[in-house]
Amino acid sequence: MPPSSAPGQTVARTPPPCRRLRVVVTAPVLLLLVASGVRAQDAPATSPSPTVAAPEAKAPSPAAPDSPRASLRAYLEAGRGARWEKAASFLELAPGEAAEGPELARRLKAVLDRNVWFDLDEVSGDPDGNAADGLPPGVDEIARIRDAKGQDAPVRLVKRGAGEEAAWLFSSRTVARVDGWYGEIPGRWALELLPEPLLRPGPGEILWWQWAAIPLLVLVSWLLALPLRRLTVRAMRSASGRTETTWDDVVIERLRSPILDGWLLAAFALLLPLLQLYEPAHELLRKGIRALALILVVWTAERIVDVVESAVGASRWALERKEARALVRLGARVLKVLILGVAAVTVLALLGYPVASILAGLGLGGLAFALAAQKTVENLFGAFSIAVDRPLREGDFVKVDDVLGTVEAVGLRSTRLRTLDRTLVTIPNGQLADMRIESLTERDRLRLATTIGLVYETTEAQMRQVLEGVEGLLRSHPKIWPDVVVVRFSGFAASSLDIEVACWFQTTDWLEFLAIRQEVLLGFMGIVESAGSSMAFPTRTVHLVAGGATPPPGTEKAA
């Protein structure tokens, strides 16, 4: 039924199209700018490069001027300022490559920005580099980059020179891989065609050309949202036409703008990968989209509250009771305030602010509310956070602290886990949001890690035969993940010669993994037996020395 047929109900005036367009285009951009400001404040003030990202401000440990960290910092600073001649001085170039140095430095910076975001505190600040990384002296590995074929290649610094001339440079092998890495960067056209100022990072580590493209992306999203809104409203009207009530027609008219902005936000999220954002910028905009989605939900809820208020106020029950109409208006206002308050605190929780301290700072009324309902509100916000971040879902097999089980239900107050012993563990959502959640369902492969202990009578040839046989058995298995297979003689234990075995199988089915593990362990036994050795078990040799006899070497006579 048309909304005009409902007596006593009115529909708010629709703003002019140009004004609506201005609101639709500018509001998301302003909100993204605010989100960018929040993110920028989270970064350490001493961060010299967009390639350095840290979630919390912390004082960096001191670094020697001739350390890997100092060289990497200087290279990133030079790259951020587009001083490619200076940046090229940190590359180990062959004599004939000096002219190509600035271009190689620019390409390497683009590769690092796309694949690696350094925490400089994790890079060695010692002049001699990281002595515990297992690499030769004067060589430090600072990152690994995966190419289009799925193979990892190291990014390494090497120390060249001595004394005051000593410096850490990107190794010649790393420089030789730059062109290949650079050729696989998505959106390389922007790096090649746009002027240098537009390629520099702006607020939120978003490049200036990307900032310029965001309003255009919003406009395209709005143009896509218009026909989608039209189809959605038409479908809703078709459904409401089959009912005898009028309030649903009013709801549809009131939700026209939220529906448009909802489609705009969805289209913007789908088009966002076109900007080829770096990971911190992408995460920043994802948080902004979540915040905008929450605001859109609040806007929709408030409009529905307005419709319910009008419907209840126009009912015979309210018309016969004058005080009831005032109560309805008051209830609607209180409900709107609660919706806004819940939304505001939820947004702050998404941005990392402590919810409990915010509630406690709202004055005497906020203090009384926090004391009376702190746990309830905390659990409610925890449920919202779980729903937004989705660290677990119903049916997932997870480990929460020391509890291992299947998620049976995620409620507003608590989440219930069914353990392997078939007991039911209930965890309040407020606590769950702060706990370590490990989702075993999300594993893309399962790991086999074991130690094979051989008897000390095993010879070197037998040990080598066992090592080769075990590794060959694993690599020939059809389910093995071939990138990493570790079979190494790890040490001399008290009663055995230990072989460390670690590998991954490409399955997520636990029962299938158990069968695979059994199969390969039996294969290990056969390899050990065929090599002429055997499995060790804890043993102890006791020498009994008669009185006056000379004890064997390495032993002492018992008193």
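That block above? That's the structure.
What counts and how
Residues numbered from 1 in each chain as written. Predicted model: local features only at pLDDT ≥ 70, side-chain atom pairs only at ≥ 80, totals over all residues. Heavy atoms only, no water. Salt bridge = Lys/Arg side-chain N within 4 Å of Asp/Glu carboxyl O. Helix = DSSP H or I, 4+ residues; strand = E, 2+ residues; numbered from the N terminus. Buried < 20%, exposed > 50% of the residue type's maximum accessible area, 1.4 Å probe, protein only. Expected span 1.5 Å × (residues − 1). Pairing = 2+ DSSP bridges. Axes fitted to C-alpha atoms, helices over the stretch in contact; angles between N-to-C directions. Patch = residues over 30% accessible without salt bridge, like charges linked within 9 Å, V, L, I, M, F, W, Y side chains within 5 Å. Areas by Shrake-Rupley, 256 points an atom, 1.4 Å probe, with all protein chains shown as cover.

Visitor: What am I meant to see in the pattern of salt bridges here?
Guide: When the charged atoms of two side chains with opposite charge come close together, those side chains can pair. Overall, the coordinates contain 18 salt bridges when judged by the stated rule. A salt bridge links Glu512 to Lys479; its shortest N-O distance comes to 3.5 Å. With Glu512 in helix H17 (residues 510-530) and Lys479 in the loop between helix H16 (460-475) and strand E10 (480-492), this pair connects stretches of sequence that are 33 residues apart. On the basis of relative accessible area, Lys479 is assigned to the partly exposed category, the value being 30%. The network of salt bridges with common partners includes Glu103, Arg106, Arg107 and Asp179.

Visitor: I keep staring at helix H4 (residues 101-115) and nothing clicks. Help me out?
Guide: Along an α-helix, residues three or four positions apart point the same way, because every turn accommodates 3.6 residues. Between its first and last C-alpha atoms H4 spans 21 Å; for 15 residues at 1.5 Å apiece the expected length is 21 Å, and the two agree. Buried residues dominate H4, accounting for 11 of its 15 residues. Looking at H4, one finds that the buried residues are Gly101, Pro102, Leu104, Ala105, Arg106, Leu108, Lys109, Ala110, Val111, Leu112 and Asp113.

Visitor: Teacher, can you tell me more about the sheet that holds strand E6 (residues 414-419) here?
Guide: Within a sheet, adjacent strands bond to each other through the backbone by hydrogen bonds, running parallel or antiparallel. Spatial strand order, E7-E6-E5-E4-E8: 5 strands in an open sheet with antiparallel pairing. Looking at which strands have only one partner, the edges of the open sheet turn out to be strand E7 (424-428) and strand E8 (437-439). Taken over all neighbouring pairs, the strand axes of this sheet differ in orientation by 40° on average, direction set aside. Sheet topology note: the strand E4 (residues 397-400)/E8 ladder contains 3 bridges and is antiparallel. Counted as the bridge partner of Lys399 is Glu438 from E8.

Visitor: What should I look at first to understand a nonpolar patch on the surface in this one?
Guide: Together, Leu216, Leu219, Val220, Leu223 and Leu224 give the surface a local cluster of nonpolar side chains, amounting to about 420 Å² of exposed area. Mapped onto the fold, Leu223 is located in helix H7 (residues 208-240).

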